[in-house]
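One letter stands for each residue in the lines below.
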Amino acid sequence: MRASIVPFSQFVLKVASRCDLACDHCYVYEHADQSWRNQPTNMSEETVAQIAVRIADHARAHDLGMVHVIMHGGEPLLAGPSRLRHIARELRGALDGVAELDLRIHTNGVLLSERFCEIFEAEHIKVGISLDGDRVSNDRHRLYSNGRSSYDQVIRAVTLLRDHHPDLYAGLLCTIDIRNDPIAVYEGLTALDPPRIDFLLPHATWDQPPLRPTGGDTGRDAPYADWLIAVHDRWVADGRPVAIRMFDSIVLTGRGRPSQTESLGLSPTDLVVIETDGSYEQADSLKTAFDGAPATGLDVFRNSLDEAALHPGIAARHGGTEPLAPQCRTCPLVVSCGGGLYAHRYKTGSGFVNPSVYCRDLFTLIPHVQRASGPATHALPTSALDSVARASAGPSEIAALAAPQRSRTVRLLATARRAIGDESSWALLSRLEHDHPGAVRDVLGHPYVRAWATGRLGAGRGSERSHLASIAAAAAIRAGRPSTVTVPVTEGMVDLPTLGRMHVGQAGSARVEITGETFRIHAAGQWYERDGEHWDAVRSFDLGGVRLAFDDVDPYRDCYDRPALDRLSASEAGGWEKVVSLAWEFLREEHPKDALAVQAGLRVMTPLAGEGGHGSSTRQAYGAAGVSASADPVTLAAVLVRESRKAQLGAVLDMYDLLGGDAGLENRLCDAYGALATAHLLGPYEAGPLLDRARATLRDLAGHPLPQLGRHFLDEMTAAATAECER
């Protein structure tokens, strides 16, 4: 008989059966099942002791390495500090030498105090808190019985955890109400820096369906999907700053991995609820179906947990598609959806053999999340990686590097945004990303935006706190979206990445007003117009239909091994354009594959101090090259090829550890790679010694302990260098 048992590993203990709030969406007190009325107010010591024995016996019998226990209610803090400490010690004592104990408590937070936290620290109890978002959203349901708001008390509790007991802070749980603004809810939750957020669909059945303001049924609309998609897309735009269990589970199940929540996926249930009187119950969510729905008729005094696991209601949820409705079993999304939460399938007459009452919402939400998730990590096809290793990647292979670079920039910006707290600029970027993705892509793809995000915590101008506002303003200008954005003034300048800078004199900040395709700036009581005498636009060179930005104004361009030059005169810039045009013509006529590679990978050129055609690139600014002046177009052509190729190597190093984490080897690899990339542009007397040195470097690097992928990359480079020598 034991072979048919799926052992429990999650135990919800109802340590208190009453609550100090009167939330009108509570499934315990406000839904069909009213069994709480017959439960003891608190769990007795006798019941706790018997529960501890039952859990330990179950863990021992099924060789469980970890047991997860959640103290719940009602409101579990009503049990009081001493009783909660006693429960923790009983459980830990019974499980000593049997299994590890992951002990948590889920609370509304209003009673949380330093005294509770001291006990939770001592007993290793993590704390999750229910909060439905910002003040307006939270106060729609989560009130005291007299109608008074609980919001301030909950925020006080979360702040206590976050600022003084961060190791206890387990996350926030939010019940969705589609009348609430999804972005306001999301921002209200993420502002509290939770390690995890759980979004819950409100408990409903086919007999008591969820609110649908449009009046449509699940076949015609999906408002809960729309609400969650708005949150999801903002979360993705933010760089996924916090784990969100629902979205993570959709991605995991789409990749054949177990769900993190019982509401999704086909994993068997391994959870049992134990009420204050010691009775075993099924998942609490069943209280929404009908009176008595979660009951098993079993308890800790008369029955083992193995007996509870064999209860028909629990055994029916042992995974797979067999218990599902026929239409669910044939649905292409069944692996991720799993039929939805068991309680949400209930309908009088057919019981739980129905699709979820949120079927249409899940059918809309799941593909959206899975499409947006992309692969688990960015990866290059082997053929593309080999092409980069041989310094011969073409436009398609180079294009494959763009997505991981953009993801990296977004993550860096999200980190910067959280550190500086500029929520308004980030919100504007998020709205623009939704409505004008091309404009945002253009600005975030600018190499020196990433240079700012990378160096934001460093010294000098890289630490400017408000440049995110300038980035958002530039994106709004490119989108032509009417907006007003307050931006910093740095050294007398308003800097707008990809566009230029405005000289506004000494002022702390300025206001950028955007109207359609133009803008103007107000600072220190004066208006400054675009294209006026105070405006330094980013120049670009027209190379026969190919445009290359020539940026000598961006404040974060000074990231090379030589100083970047400041604004050149028109005649100086004209001289640069003439030489660059000749270099481009040489590449296009003599080395067309190199011309295509440069075109695909190089977006910005910045003039550097010095002469002789010295070139430089950096992983901080993918897509840009710094170049010192040269009158020789062939030399300049070689510099463009070398630095654009080295940027491709840098992009690969961002994705893969080729050198075993040894940063000291990176410069040597880059030097050898630059030689390989440009040897074919040189005469044999110059190329031969250059390749010999490169091969010697590669042999030396191969003598270090490297990952297998790194060895493969070096082998490809060596083969390409040898072939070039023999050419």
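Rules used in this analysis
- Residues numbered from 1 in each chain as written.
- Predicted model: local features only at pLDDT ≥ 70, side-chain atom pairs only at ≥ 80, totals over all residues.
- Heavy atoms only, no water.
- Helix = DSSP H or I, 4+ residues; strand = E, 2+ residues; numbered from the N terminus.
- Buried < 20%, exposed > 50% of the residue type's maximum accessible area, 1.4 Å probe, protein only.
- Contact = heavy atoms within 4.5 Å.
- Phe/Tyr/Trp six-rings, centres within 6.5 Å; stacked < 30°, edge-to-face > 60°.
- Lys NZ or Arg CZ within 6 Å of the ring centre and 35° of its normal.
- Pairing = 2+ DSSP bridges.
- Axes fitted to C-alpha atoms, helices over the stretch in contact; angles between N-to-C directions.
- pLDDT = per-residue confidence, 0-100.
- Arc of directions from axis to C-beta.
- Polar contact = N/O pair within 3.5 Å; in protein donor to acceptor, adjacent residues only side chain to side chain.
- Parallel < 35°, antiparallel > 145°, perpendicular 65-115°, else oblique.
- Left-handed = near helix turned anticlockwise from the far one by under 90°.
- Nonpolar A, V, L, I, M, F, W, Y, C, P; charged D, E, K, R; others polar.
- Salt bridge = Lys/Arg side-chain N within 4 Å of Asp/Glu carboxyl O.
- Core = buried A, V, L, I, M, F, W, Y, C linked by side-chain atoms within 4.5 Å.
- Patch = residues over 30% accessible without salt bridge, like charges linked within 9 Å, V, L, I, M, F, W, Y side chains within 5 Å.
- Areas by Shrake-Rupley, 256 points an atom, 1.4 Å probe, with all protein chains shown as cover.
- Lys, Arg positive; Asp, Glu negative; His and termini not counted.
- Charge placed at Lys NZ, Arg CZ, Asp CG, Glu CD.
- Right-handed = clockwise from strand over helix to strand, strands pointing away.

Undergrad: Tell me about the overall build of the chain, residues and numbers included.
TA: A tally of regular secondary structure across the chain gives 26 helices and 22 strands. Its C-alpha atoms give the chain principal-axis dimensions of roughly 90 × 65 × 50 Å. The burial tally for the chain puts 54% of its 727 residues in the buried class. In the chain, the proportion of contacts linking residues at least 24 apart, taken out of those at least 6 apart, comes to 70%.

Undergrad: So what's going on with the packing of aromatic side chains? Which residues, and what values?
TA: One pass over the structure, following the stated rule, counts 11 aromatic pairs. Here Tyr346 and Phe352 contribute two aromatic rings whose centre-to-centre distance is 5.1 Å and whose plane-to-plane angle is 50°, an arrangement assigned as tilted. Ring centres 4.7 Å apart and planes at 25° place the aromatic pair Phe541 and Phe550 in the stacked group. For the pair Phe541 and Phe550, a shared accessibility class is recorded, and that class is buried. One aromatic cluster in this structure is built from Tyr342, Tyr346 and Phe352. The side chain of Arg240 reaches across the aromatic face of Trp235, ending 5.4 Å from its centre. Sitting above the plane of the Trp527 ring, Arg520 keeps its charged end 3.6 Å from the centroid.

Undergrad: Talk me through the sheet that holds strand E12 (residues 493-496); I want residue IDs and the actual numbers.
TA: Strand order across the open sheet formed by three strands is E12-E13-E17, with antiparallel pairing between neighbours. Strand pairing shows two members of the sheet lacking a second neighbour, E12 and strand E17 (535-537), which therefore form its edges. When the angles between neighbouring strand axes are averaged without regard to direction, this sheet yields 15°.

Undergrad: Which residues make up the environment of Phe120, and what values go with them?
TA: In this structure, Phe120 sits in helix H3 (residues 114-123). In this structure the C-alpha to C-alpha distance between Phe120 and Leu365, which are 245 residues apart in sequence, comes to 37 Å. Contacts of Phe120, omitting those with residues within four sequence positions, involve Leu77, Leu84, Ile105, Leu112, Ile125, Val127 and Leu168.

Undergrad: Now, about the confidence of the model for the chain: what can you tell me, with residues and values included?
TA: Of the residues in the chain, 94% reach a pLDDT of 70 or more, and the chain-wide mean stands at 87. Every residue in residues 215-220 scores below 50 in pLDDT, and together they form seven contacts with partners more than four places removed in sequence or on other chains. Confidence drops under a pLDDT of 50 for residues 457-463, and excluding neighbours within four residues, the segment shows 13 contacts in the predicted structure.

Undergrad: Describe helix H18 (residues 437-444), and please don't skip the residues or the numbers.
TA: All of the buried residues along H18 are Ala439, Val440, Val443 and Leu444. Relative to the axis of H18, the buried residues are bounded by an arc of 120° and lie together on one face.

Undergrad: Give me the lowdown on the side chain of Gln405, citing residues and values where you can.
TA: Along the chain, Gln405 falls in helix H16 (residues 402-420). A polar side-chain atom of Gln405 sits 2.2 Å from a polar atom in the side chain of Arg450. With residues near it in sequence (within four places) discarded, Gln405 still touches Arg450, Tyr622, Ala651 and Asp654.

Undergrad: Which residues make up the side chain of Thr47, and what values do they have?
TA: Positionally, Thr47 belongs in helix H1 (residues 45-61). Residue Thr47 is classed as buried on the basis of its relative accessible area, which comes to 5%. Among the polar contacts listed, one links the side chain of Thr47 to the side chain of Ser44, at a separation of 2.9 Å. Here Thr47 is in contact with Thr276, Asp277, Gly278 and Phe301, once residues within four sequence places are set aside.

Undergrad: Please set out the packing of helix H17 (residues 423-435) against helix H20 (residues 467-479) residue by residue, giving values where relevant.
TA: Their axes nearest at 9 Å, the elements H17 and H20 cross at an angle of 30°. It follows from the interaxial angle that H17 and H20 lie roughly parallel. Crossing of H17 against H20: the hand is left-handed. In contact with Ser425, Trp426, Leu428, Leu429 and Leu432 of H17, H20 contributes Leu468, Ala469, Ile471, Ala472, Ala475, Ala476 and Ala479. Tallied by class, the residues present in the contact of H17 with H20 amount to 11 nonpolar, one polar and no charged.

Undergrad: So, the pattern of salt bridges: which residues are in play, and what are the values?
TA: Under the definition given, this model contains 28 salt bridges. Measuring nitrogen to oxygen at the nearest pair gives 3.9 Å for the salt bridge that ties Arg520 to Glu513. The partner of Arg539 in a salt bridge is Asp552, with the nearest N and O atoms 3.3 Å apart. Pair noted here: Arg539 is in strand E18 (residues 539-542) and Asp552 is in the loop between strand E19 (547-550) and helix H21 (570-590), with a separation of 13 residues, a long-range link.

Undergrad: Break down the sheet that holds strand E16 (residues 526-529) for me, citing the residues and quoting the values.
TA: Across the sheet, four strands lie side by side as E11-E14-E15-E16; this open sheet has antiparallel pairing. Two strands close off the open sheet at either side, each with one partner strand: strand E11 (483-488) and E16. Shown here is a sheet whose adjacent strand axes are inclined to one another by a mean of 25°, direction ignored. Here strand E15 (residues 518-523) pairs with E16 via four bridges, running antiparallel. Within E16, the position partnered with Arg520 by the bridge is Glu529. Sitting on the sheet, H20 touches E11, strand E14 (509-515) and E15, and the angle it makes with E11 is about 145°.

Undergrad: Give a detailed account of unusual backbone geometry, specifying residues and quantitative values.
TA: Following Gly73, the chain continues to Gly74 via a peptide bond in cis, the omega torsion being 20°. Relative to the helices and strands, Gly74 resides in the loop between strand E2 (66-72) and helix H2 (81-95). One non-glycine residue, Glu491, lies in positive phi territory at about 50°. With respect to the helices and strands, Glu491 occurs in the loop between E11 and E12.

Undergrad: Just give me the short version of the nonpolar core, but keep the residues and values in it.
TA: Judged by nonpolar contacts, the single largest core of 94 residues is most densely connected at Leu13, Val67, Leu112, Phe120 and Phe199. Ignoring sequence-local partners within four residues, the contact set of Leu112 consists of Leu77, Cys117, Phe120, Ile129, Arg156, Ala157, Leu160 and Leu161. In this structure, Ala473, Ile477, Val485 and Val512 belong to the second largest nonpolar core, which totals 55 residues.

Undergrad: Can you explain the environment of Ala475? Please cite residues and give values.
TA: Relative to the elements of secondary structure, Ala475 occurs in helix H20. Each C-alpha atom, one on Ala475 and one on Val546, is 22 Å from the other, the two residues being 71 residues apart in sequence. The residues touching Ala475, leaving out its near neighbours within four places in the chain, are Leu429, Leu432, Ala439, Val440 and Val443.

Undergrad: Tell me about the pairing of E15, residues and numbers included.
TA: As defined by bridge partners, E14 adjoins E15 across five bridges and the pair is classed as antiparallel. In the sheet register, Val512 faces E15, and the bridge partner there is Ile521.

Undergrad: Outline a negative patch on the surface, listing residues and values.
TA: Taken together, the side chains of Glu114, Glu118, Glu121 and Asp167 define an acidic patch exposed on the protein surface. Note on placement: Asp167 falls in the loop between helix H5 (151-164) and strand E5 (169-175). A residue is classified by how much of its surface remains accessible, and Asp167, at 58% relative accessible area, is exposed.

Undergrad: Would you mind going over the pairing of strand E3 (residues 100-107) in detail, with residue names and values included?
TA: Counted residue by residue, E3 has six buried out of eight residues, so it is predominantly covered. Relative to E3, E2 runs parallel, the two sharing six bridges. The partner of Val69 across the bridge, within E3, is Leu103. Note that the unit made of E2, H2 and E3 has a crossover that is right-handed. Summarising the sheet, E3 and strand E4 (residues 125-130) pair through five bridges and their orientation is parallel. Following the sheet pairing, Ile105 is matched in E4 by Val127. Tracing the backbone out of E3, into H3 and back to the parallel element E4 gives a crossover that is right-handed.

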